[in-house]
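# Commentary on secondary and tertiary structure
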Amino acid sequence: MSLAETGSSPTERTEEDQRQDWIALVKVLLVLPGALEAQLLRDSDLTLLGYMILARLDDTPDATLRMSQIATMANGSLPRTSQAISRLENRGWVRRTVISGRGQGRRFTTARLTEAGRAQLAAATPEHTALVRRLVIEPAGDQFSALGSVAQRIVEALGLPARPAAD
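Thresholds, definitions, all that
Residues numbered from 1 in each chain as written. Predicted model: local features only at pLDDT ≥ 70, side-chain atom pairs only at ≥ 80, totals over all residues. Heavy atoms only, no water. Pairing = 2+ DSSP bridges. Helix = DSSP H or I, 4+ residues; strand = E, 2+ residues; numbered from the N terminus. Axes fitted to C-alpha atoms, helices over the stretch in contact; angles between N-to-C directions. Contact = heavy atoms within 4.5 Å. Phe/Tyr/Trp six-rings, centres within 6.5 Å; stacked < 30°, edge-to-face > 60°. Lys NZ or Arg CZ within 6 Å of the ring centre and 35° of its normal. Core = buried A, V, L, I, M, F, W, Y, C linked by side-chain atoms within 4.5 Å. Buried < 20%, exposed > 50% of the residue type's maximum accessible area, 1.4 Å probe, protein only. Expected span 1.5 Å × (residues − 1). Bend = angle between axes of the 7 residues up to and from the residue. Salt bridge = Lys/Arg side-chain N within 4 Å of Asp/Glu carboxyl O.

### A few points about the sheet that holds strand 3 (residues 107-113)
Pairing is antiparallel across the open sheet formed by three strands, whose spatial order is 1-3-2. Of all the strands in the sheet, just strand 1 (64-66) and strand 2 (94-100) have a single pairing partner and so form its edges. The average undirected angle you get between the axes of adjacent strands in this sheet is 30 degrees. Pairing of strand 1 with strand 3, which is carried by three bridges, proceeds in the antiparallel orientation. Bridging across to strand 3, L65 finds its partner in A111. Here helix 3 (residues 48-58) sits on the sheet and contacts strand 1, strand 2 and strand 3; the angle it forms with strand 3, its principal contact strand, is near 90 degrees.

### Points about the packing of aromatic side chains
In total, this model carries zero aromatic pairs according to the counting rule given. Against the face of F108 rests R66, its NZ or CZ located 3.5 Å from the ring centre.

### A look at the nonpolar core
Core analysis: the largest hydrophobic core is formed by 25 residues, its most contacted members being L46, I53, L54, I70, I85 and L88. Elements supplying a minimum of two residues to this core: helix 2 (10-44), helix 3, helix 4 (67-74), helix 5 (78-90), strand 3 and helix 6 (115-140). Ranked by residue count, the leading element in this core is helix 3, at seven residues. The residues touching I85, leaving out its near neighbours within four places in the chain, are I53, M67, I70, V94, R96 and A111.

### So, helix 6
Taking 1.5 Å per residue as the helical rise, helix 6 with its 26 residues ought to reach 38 Å, and the 35 Å between its terminal C-alpha atoms agrees with that figure. At R133, helix 6 shows its largest kink, close to 45 degrees. Every buried residue belonging to helix 6 is among G117, Q120, L121, A124, H128, L131 and A140, and all of these are buried. Just downstream of helix 6, G141 is the residue with a positive phi angle, here 55 degrees.

### A word on the pattern of salt bridges
This model, assessed by the stated rule, comprises six salt bridges. With a shortest N-O distance of 3.2 Å, D43 and R42 are connected by a salt bridge. Owing to a relative accessible area of 39%, D43 belongs among the partly exposed residues under this scheme. Residues R96 and E89 are paired through a salt bridge, measuring 3.1 Å at the closest nitrogen-oxygen approach. According to the relative accessible area criterion, R96 is partly exposed, its value standing at 23%.

Quick look at the structure:
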């Protein structure tokens, strides 16, 4: 069928393709977090944010981060982060410590992954990773690295750090 027969120009088709791709991306953004969280809650009594906090703490050399660093990682406010940390702390998976500012009069709070938290993360990871593979990595196939690169550029466009800050 020719362009004249379809009544659409190449520009209109490109815009329609982009619109459809955008709708698909929005569906992923809206539905994927809920699917990941439902699995984590069911299998490990963890929210997605809780899992990400434990995983980020586990990635640091001393399993400790300032609360402000966790809030930045989670793109959340300090009160929201504090609530998430409280839930983890109540389960014995994280321990908070207030640090005095050594002569500067400033105080800050750190969160540290406990051995129980490390064990919880280790128990939660296989099922969570399997779901991530099934829902994201396998459908993306050979394009997964390209998808990751695009996601990094979007993160940067949003003004967020593309990679976790060095600890």
